[in-house]
Every structure is written in C-alpha cells, then in structure tokens.
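# Descriptive structure summary
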Amino acid sequence: MAGRVEGKVALITGAARGQGRSHAVRLAQEGADIIAVDVCTRISSSKEIPAATPDDLAETADLVKGLDRRIVTAQVDVRDFDALKAAVDSGVEQLGRLDIIAANAGIGNGGDTLDKTSEADWQDMIDVNLSGVWKTVKAGVPHLIAGGNGGSIILTSSVGGLKAYPHTGHYIAAKHGVVGLMRTFAVELGQHFIRVNSVHPTNVNTPLFMNEGTMKLFRPDLENPGPDDMAVVAQLMHVLPIGWVDPVDISNAVLFLASDESRYVTGLPLTVDAGSCLK
C-alpha cells in the first residue's frame, strides 16, 4: 500500500531533533523525501536550553535514510532569508520538487513578565518564531507554485497562539502572529490549491520543554524540580490527565495536514493539546 505522502518532498525546519526530527521521520515513513534545515547552534538569548548540534541533524538524516528515503540537510538560520532560500533551492534541485512545508523551527527564552522582558529576548523570539516562519514559507512557496500540483504548508504555533500564559508574553505574541500568517497565506495561496494550516501543541516532551528553566518556571517553589514535580502542575493545564504529549502526536497531525486526506482543509488552527484550550 502506498504511503500517505508517497512521492512528495517536504521541507522541515528545526529538523535536527524534537518535533522537527519526528516530523521528518513520520513523513518519510509515509513515503516523503525530506529537505531538513536546522541552525544547529545556540541562539544567543536561549541560554538555558541545550542547543541542537550538527550531529543531531546527521542523526535525523540517518533515520530518514534508514527508511529508504532521500534527505538533503542544511545548517541554516531561519532568520537569514538568503541562506534559507539557497538551501531550499538546492534541496529542490536535488530532490526534484517541493510539495510540503513544515515551518517548525522555534526557540524558547526569557521567563519574565512582558514589562521586564529584555529587548534581546523579545527580538530573538520574534525573529525566529515569527519572522523565521514567514521567511520559510517565502523561500518555499515559489517551488510549490511552479510545481503546479498544489501543496500543503503547516506552521507550528502553540496553544500559546490561541490563549495567553504569564511570563511568556513574547512567545505568546509570536505564536499568535503565526496564526495571522497562516490565515493570510491560506487566503493568498488558495488560488494555487496550496493549503495552509497551523498546529497548536501543548507541552511536548522535547528539549525545548524538558529543561531546567521550564521546570523552574512550573515549580518556582522547589529548588531543583524534576519532571515528576513539573508533571503535577502541567497536568492542571489539560482536560486529559497528562502533563505533556509526545513529538509523534504532533507529527501525526502534521502528516494528516500534509496528506491528501485533508485536501480541502485550509485556514485551520489544529490543536493537539489534551484539551488545554477548554480550560
């Protein structure tokens, strides 16, 4: 039986680990070839979160190749449009087409209230989590249009793109902005049968969430909180009795939106949030 995205090529940013790696593997399992992009270094203001490395990106490539799919990798910062466009152009030249864009790259930083957020934290957040999404789509869309086969664009937002939380205001602003990008791109690109949707995860078991800074944000009452300590509070965010979801849970949503099963779905903010938006 053919895969759900058989013969298609997907561009995925933030692909070295976490959700991005999971998306690459899940789409490859269903027949897609992959253009995998990641900065593979620390963004200056995201001090407490361990950075992805070139070895991480190489491991993603090995996982995709192990599924007998092709992959092109590039170490690129999504804030650098010229480098991003060159990487996408090269990937399309090597793989022959582009059908899917998963703008997934993102950072976490800060932890202050908005009135105390530093300009550096604000600027890095907006530049990566909002402008980087716009630049990713901007780099890939000409290939989707030129291919003449339509396409699917999936933007990674967050439950924080649909509701507010304290101490993450710059992240909330960026992720709300992603929804605006999604809806506008959906309107502008629909004439080409290019669909544009967003996914809105709750907490996901990746290094971006599972780190010392996040644990202290959830449990400021403890000197050295761990995952079990954080789970007690994180579960209160959800209707379902869990603290977080796994990367593959988001990847399955991305796969649905990338596949022809959702051929008439566009402009949708799809939550994978264990009911967080109901609270």
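In this report, the structure presented in the accompanying data block is examined. Along each chain, residues carry numbers from 1 onward, in the same order as the chain's sequence is written. A pLDDT threshold of at least 70 governs which residues receive local features in this predicted model, and a stricter bar of 80 or more applies before side-chain atom pairs are shown or counted, although totals over entire chains, interfaces and linings include all residues. Working from all heavy atoms in the structure, the side-chain values ignore hydrogens and water.

## Quick word on the overall build of the chain
We count it as follows: Put simply, DSSP H or I for four residues or longer makes a helix, DSSP E for two residues or longer makes a strand, and each gets a number counted from the N terminus. It is over C-alpha atoms that the radius of gyration is taken, and the globule rule equals 2.2 Å times the number of residues to the power 0.38. Categorising residues by exposure relies on relative accessible area from a 1.4 Å probe, with only protein chains included: less than 20% of the type maximum marks a residue as buried, more than 50% marks it as exposed, and the intermediate range marks it as partly exposed. Contacts between residues were defined by any pair of non-hydrogen atoms, one from each residue, lying within 4.5 Å. Note on areas: Shrake-Rupley with a 1.4 Å probe; residue coverage comes only from the protein chains shown. Positive charges come from Lys and Arg alone, negative charges from Asp and Glu alone, with His and the N- and C-terminal ends not counted. Where a charge lies is defined by one atom per residue type: Lys uses NZ, Arg uses CZ, Asp uses CG and Glu uses CD.
Each helix and strand counted, the chain has eight helices and seven strands in total. Computed over the C-alpha atoms, the radius of gyration of the chain is 18 Å, within 12% of the 19 Å expected from 2.2 N^0.38 for a compact globule of 279 residues. For the C-alpha atoms alone, the extent of the chain along its principal axes is close to 55 × 35 × 35 Å. Put simply, the chain has 279 residues, and 53% of those count as buried. Taking as baseline every contact in the chain between residues at least 6 positions apart, the subset at least 24 positions apart corresponds to 72%. In the form shown here, the chain has an accessible surface area of approximately 12300 Å², with 53% of it arising from carbon and sulfur atoms. Each charge sign in the chain was given a centre, from 24 positive and 33 negative side chains, and these centres are 5 Å apart.

## A few points about the environment of leucine 63
With respect to the helices, strands and loops of the structure, leucine 63 is situated in helix 2 (residues 54-65). By relative accessible area, leucine 63 is classed as partly exposed at 39%. Sequence-distant contacts of leucine 63, defined by excluding residues within four places in its chain, comprise Arg21 and Val25.

## Details of the pairing of strand 6 (residues 194-201)
Stated precisely, the cut-off is as follows: In this description, strands pair whenever DSSP reports at least two bridges between them.
Among the eight residues that make up strand 6, eight are buried, leaving the element largely enclosed by the rest of the structure. Judged by which residues are buried, strand 6 turns out to be covered on both faces: Ile194, Val196, Ser198 and His200 on one side and Arg195, Asn197, Val199 and Pro201 on the other are all buried. Direction of pairing for strand 5 (residues 151-156) relative to strand 6: parallel, over a ladder of six bridges. By the bridge assignment for strand 6, isoleucine 153 is matched with valine 196.

## Structural notes on the side chain of serine 158
Note the following rule: Counted as a polar contact is a pair of N or O atoms within 3.5 Å, where, for protein atoms, one must be capable of donating a hydrogen and the other of accepting one, and residues adjacent in sequence contribute only when both atoms are in side chains.
Looking at the element boundaries, serine 158 is found in the loop between strand 5 and helix 5 (169-189). Only 2.8 Å separates the side chain of serine 158 from the backbone nitrogen of glycine 160, close enough to count as a polar contact. Apart from residues no more than four positions distant in its own chain, serine 158 is found in contact with Tyr171, Lys175, Val199, His200 and Pro201.

## Some points on the sheet that holds strand 4 (residues 100-103)
The cut-off we apply is this: To obtain an axis, a line is fitted to C-alpha atoms, over the contacting stretch when the element is a helix, and the angle between two such axes runs from 0 to 180 degrees between their N-to-C directions.
Here we have seven strands laid out as an open sheet, ordered 3-2-1-4-5-6-7, and parallel in their pairing. The open sheet terminates on both sides in strands that have one partner only, identified here as strand 3 (71-75) and strand 7 (269-272). For this sheet, the mean inter-axis angle between neighbouring strands, taken without regard to orientation, is 15°. Inspection of the sheet shows strand 6 paired to strand 7 by four bridges, in the parallel sense.

## Structural notes on the nonpolar core
Test applied: Buried residues of nine kinds, namely Ala, Val, Leu, Ile, Met, Phe, Trp, Tyr and Cys, make up a nonpolar core once their side-chain atoms join them within 4.5 Å.
Counting residues in hydrophobic clusters, the biggest one holds 31 residues, and the most contacted among them are Ile35, Leu98, Ile153, Leu155 and Val196. When residues of this core are assigned to their parent elements, the largest contribution, seven residues, is made by helix 5. When near neighbours in sequence (up to four residues on either side) are disregarded, leucine 98 contacts Val9, Ala10, Leu11, Ile35, Val88, Val92, Gly140, His143 and Leu144. In this structure, Ala24, Ala32, Ala253 and Leu255 belong to the second largest nonpolar core, which totals 30 residues.

## Remarks on the pattern of salt bridges
Side chains that carry opposite charge are capable of pairing whenever their charged atoms lie near each other. Definition in use: Salt bridges are identified by distance alone: a Lys or Arg side-chain nitrogen within 4 Å of an Asp or Glu carboxyl oxygen.
Evaluated as defined, the whole model comprises 12 salt bridges. The salt bridge involving arginine 70 is made with aspartate 33; its shortest N-O contact spans 2.9 Å. In this pair, arginine 70 is assigned in the loop between helix 2 and strand 3 and aspartate 33 in strand 2 (residues 33-38), connecting sequence segments 37 residues apart. Through salt bridges with shared partners, one network takes in Asp33, Arg69 and Arg70.

## A short note on the environment of aspartate 56
With respect to the element layout, aspartate 56 can be found in helix 2. As a C-alpha pair, aspartate 56 and aspartate 38 span 18 residues in sequence and 9.5 Å in three-dimensional space. Once residues lying within four places of it in the same chain are set aside, the contact partners of aspartate 56 are Ala16, Arg17, Arg21 and Ala51. At 2.9 Å, the side chain of aspartate 56 and the backbone nitrogen of threonine 53 are in polar contact.

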